[in-house]
Amino acid sequence: MEFLVEKIGMSRTIAKPSIPVTLLKVKQVKVCEVLGNNRAIVAYQQGKTINKSIMGQQKKYSLSKEFNRFMTIDVSNTEAGDLDLSGLESAKRVKVSFNTKGRGFSGVMKRWNFQGGPGAHGSRFHRAPGSIGNREWPGRVQPGKKMAGHYGNEKVTVQNEIVSFDKEQGVLVLKGSVPGFNGAFGKIKVVK
């Protein structure tokens, strides 16, 4: 079973020993159509985007205007309606998928932890990548060379233990950290 979540942020437990936890808000989701094989088309709210194709889907599934995004996920529901959250109450472990924080175009020291050169004495080699090629043969830069470029904003999946789940508020507490910024949109899948 999969659920759509929004990252609230990190905190700690009060117990001894105190453990770091991440708080996730389980999004309100409507099951529009069950496709079989535990797959279903679901609708959820994300931003204020609206166009004719979204309005057509809302009319087809008799949804209110706030449900403006659609996705196919694994569900335990057998018919259309609200998403069944009972699977999270008994779950012990989940796979969490988020996009990492985007850091834009980054140099080799930030992106790949290169050491860099001396900071002073006129070396003129501070944060530069240095030599990148080989000798006469092969006479080119090898594919996969670690260089400056776009860093972050890529999908990462991690496994976390569930500490607690508040069904009324829809808040899921996971042990440890998960990728992404506070307020990021992601997906969780029950492992066991």
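Residues numbered from 1 in each chain as written. Predicted model: local features only at pLDDT ≥ 70, side-chain atom pairs only at ≥ 80, totals over all residues. Heavy atoms only, no water.

(A) Examining the sheet that holds strand β6 (residues 81–82) more closely. The four strands lie next to each other as β5-β4-β3-β6, forming an open sheet whose pairing is antiparallel. Both outer strands of the open sheet, β5 (69–74) and β6, are each paired with one neighbouring strand and no more. Across six bridges, strand β3 (residues 29–36) lies against strand β4 (residues 39–44) in antiparallel orientation. In the strand pairing of β4, V31 is matched with V42. (Pairing = 2+ DSSP bridges. Helix = DSSP H or I, 4+ residues; strand = E, 2+ residues; numbered from the N terminus.)

(B) The pattern of salt bridges, seen in detail. Counted by the stated rule, this structure contains seven salt bridges. Ionic pairing is found between K189 and D74, a salt bridge with its closest N-O pair at 3.8 Å. Of this pair, K189 sits in strand β12 (residues 185–190) while D74 sits in strand β5; the two residues are 115 residues apart in sequence, bridging distant segments of the chain. A residue is classified by how much of its surface remains accessible, and K189, at 35% relative accessible area, is partly exposed. Residue classification places D74 among the buried residues on the basis of a relative accessible area of 16%. Salt bridges linked by common partners bring E2, R39, D74 and K189 together as one network. (Salt bridge = Lys/Arg side-chain N within 4 Å of Asp/Glu carboxyl O. Buried < 20%, exposed > 50% of the residue type's maximum accessible area, 1.4 Å probe, protein only.)

(C) Main features of a nonpolar patch on the surface. Taken together, the side chains of I132, V141 and M147 make up a nonpolar region of the molecular surface, amounting to roughly 200 Å² of accessible area. Positionally, M147 belongs in the loop between α3 (108–112) and β9 (149–150). According to the relative accessible area criterion, M147 is partly exposed, its value standing at 33%. (Patch = residues over 30% accessible without salt bridge, like charges linked within 9 Å, V, L, I, M, F, W, Y side chains within 5 Å. Areas by Shrake-Rupley, 256 points an atom, 1.4 Å probe, with all protein chains shown as cover.)

(D) Focus on the nonpolar core. With 27 residues, the main nonpolar core has F3, L24, V26, L88, L172, L174 and I188 as its most contacted residues. Core analysis: the second largest hydrophobic core is formed by six residues, I41, Y61, L63 and F67 among them. (Core = buried A, V, L, I, M, F, W, Y, C linked by side-chain atoms within 4.5 Å.)

Without other data, these values stay purely geometric and don't point to any function.
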